[in-house]
Amino acid sequence: MENASFRHFTNAEILNSERFFRTKLINCLSGPKPGFLVGTQSPNGQANLAIFTSVFHVGANPPYLGLIARPDTVDRHTLENIRSTKVYTLNNIRESYYKEAHQTSARYDRDQSEFKLTGIEPWESDNFTAPYVAEATIRIGLSFREEH
């Protein structure tokens with residue numbers, strides 16, 4: 001029995017829908033997800049910052065977190081930096097800079113720092129090479145272990 005209060009979308013309707021509508025629809029299907037800013041640094045020292053909502057718990061002993069990156073069919077500076085330097089940071093996004101955090105998803109040239117372009121302040125640790133977000137209240141330094 002069809003419920004009149006629900007809108008049904010066929011696969012063809014989704015694929016043929018306007019790009020931004022389709023993006024918003026698909027992005028919300030899995031429900032609320034926490035956003036994190038992923039901080040990386042290129043081998044030549046260029047800081048990079050990107051918003052990710054695909055961070056998940058893998059295991060507690062040993063402690064593992066996972067991160068899903070889009071396919072690297074185009075330049076993915078964050079993914080490239082993680083692969084080459086083997087370290088990255090996860091930083092929570094606070095209400096005071098959520099718009100700036102979202103702006104990190106724009107396409108910037110490799111030699112541009114999202115920290116500088118968005119006004120988000122980097123924080124550098126003496127014992128970890130990937131940059132953190134100074135304003136974040138949760139900062140996690142991670143070492144890359146495996147890719148699937």
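One can find the structure itself at the top, above this paragraph.
Before going into details, it helps to say that this report is about the structure given with it. (Residues numbered from 1 in each chain as written. Predicted model: local features only at pLDDT ≥ 70, side-chain atom pairs only at ≥ 80, totals over all residues. Heavy atoms only, no water.)

Observations regarding the overall build of the protein
Item 1. Counting secondary structure elements, the protein contains five helices and eight strands.
Item 2. By its C-alpha atoms, the protein is 60 × 40 × 35 Å across when sized along the principal axes.
Item 3. Here the protein holds 148 residues, and the buried ones make up 31% of them.
Item 4. Counting contacts in the protein only where the partners sit at least 6 residues apart, residues at least 24 apart contribute 57% of the total.
Item 5. Carbon and sulfur atoms make up 53% of the accessible area of the protein, which totals about 10,400 Å². (Helix = DSSP H or I, 4+ residues; strand = E, 2+ residues; numbered from the N terminus. Buried < 20%, exposed > 50% of the residue type's maximum accessible area, 1.4 Å probe, protein only. Contact = heavy atoms within 4.5 Å. Areas by Shrake-Rupley, 256 points an atom, 1.4 Å probe, with all protein chains shown as cover.)

Examining the pairing of strand S5 (residues 87-92)
Item 1. Of all the six residues making up S5, six are buried; the element is thus mostly covered by neighbouring parts of the structure.
Item 2. Burial of S5 is two-sided: the residues Val87, Thr89 and Asn91 facing one way and the residues Tyr88, Leu90 and Asn92 facing the other way are all buried.
Item 3. Here strand S1 (residues 36-41) pairs with S5 via four bridges, running antiparallel. What sits directly across from Val38, in S5, is Leu90.
Item 4. Here S5 runs beside strand S8 (residues 139-143); their pairing, made up of five bridges, is antiparallel. The partner of Asn91 across the bridge, within S8, is Arg139. (Pairing = 2+ DSSP bridges.)

Looking at the sheet that holds S1
Item 1. Taken together, the four strands give an open sheet; going across it, the order is S2-S1-S5-S8, and neighbouring strands pair in antiparallel fashion. Each having just a single partner strand, strand S2 (47-52) and S8 make up the two edges of the open sheet. Averaged over all pairs of adjacent strands, the angle between their axes in this sheet comes to 25°, without regard to strand direction.
Item 2. Bridging between S1 and S2 involves six bridges; their strand directions are antiparallel. The residue bridging Thr40 from the neighbouring strand is Asn48, located in S2.
Item 3. Its contacts with the sheet put helix H3 (residues 77-85) on S1, S2 and S5, and the angle it makes with S1 is roughly 55°. (Axes fitted to C-alpha atoms, helices over the stretch in contact; angles between N-to-C directions.)

Comments concerning the pairing of S2
Item 1. Among the six residues that make up S2, five are buried, leaving the element largely enclosed by the rest of the structure.
Item 2. In this antiparallel pair of consecutive strands, S1 and S2, the connection spans five residues, and Gly45 shows a positive phi of 95°.

Remarks on the side chain of His77
Item 1. Along the chain, the position of His77 falls in helix H3.
Item 2. What makes His77 buried here is its relative accessible area of 14%.
Item 3. Look past the residues within four positions of His77 in its chain and what remains in contact with it is Asn48, Tyr108, Asp109 and Arg110.

Remarks on the environment of Asn27
Item 1. Assignment of secondary structure puts Asn27 in helix H2 (residues 19-28).
Item 2. Each C-alpha atom of the pair Asn27 and Thr53 lies 9.7 Å from the other, and the pair is 26 residues apart in sequence.

Remarks on unusual backbone geometry
Item 1. Following Asn61, the chain continues to Pro62 via a peptide bond in cis, the omega torsion being 5°.
Item 2. When you line up the elements, Pro62 lands in the loop between strand S3 (55-60) and strand S4 (63-67).

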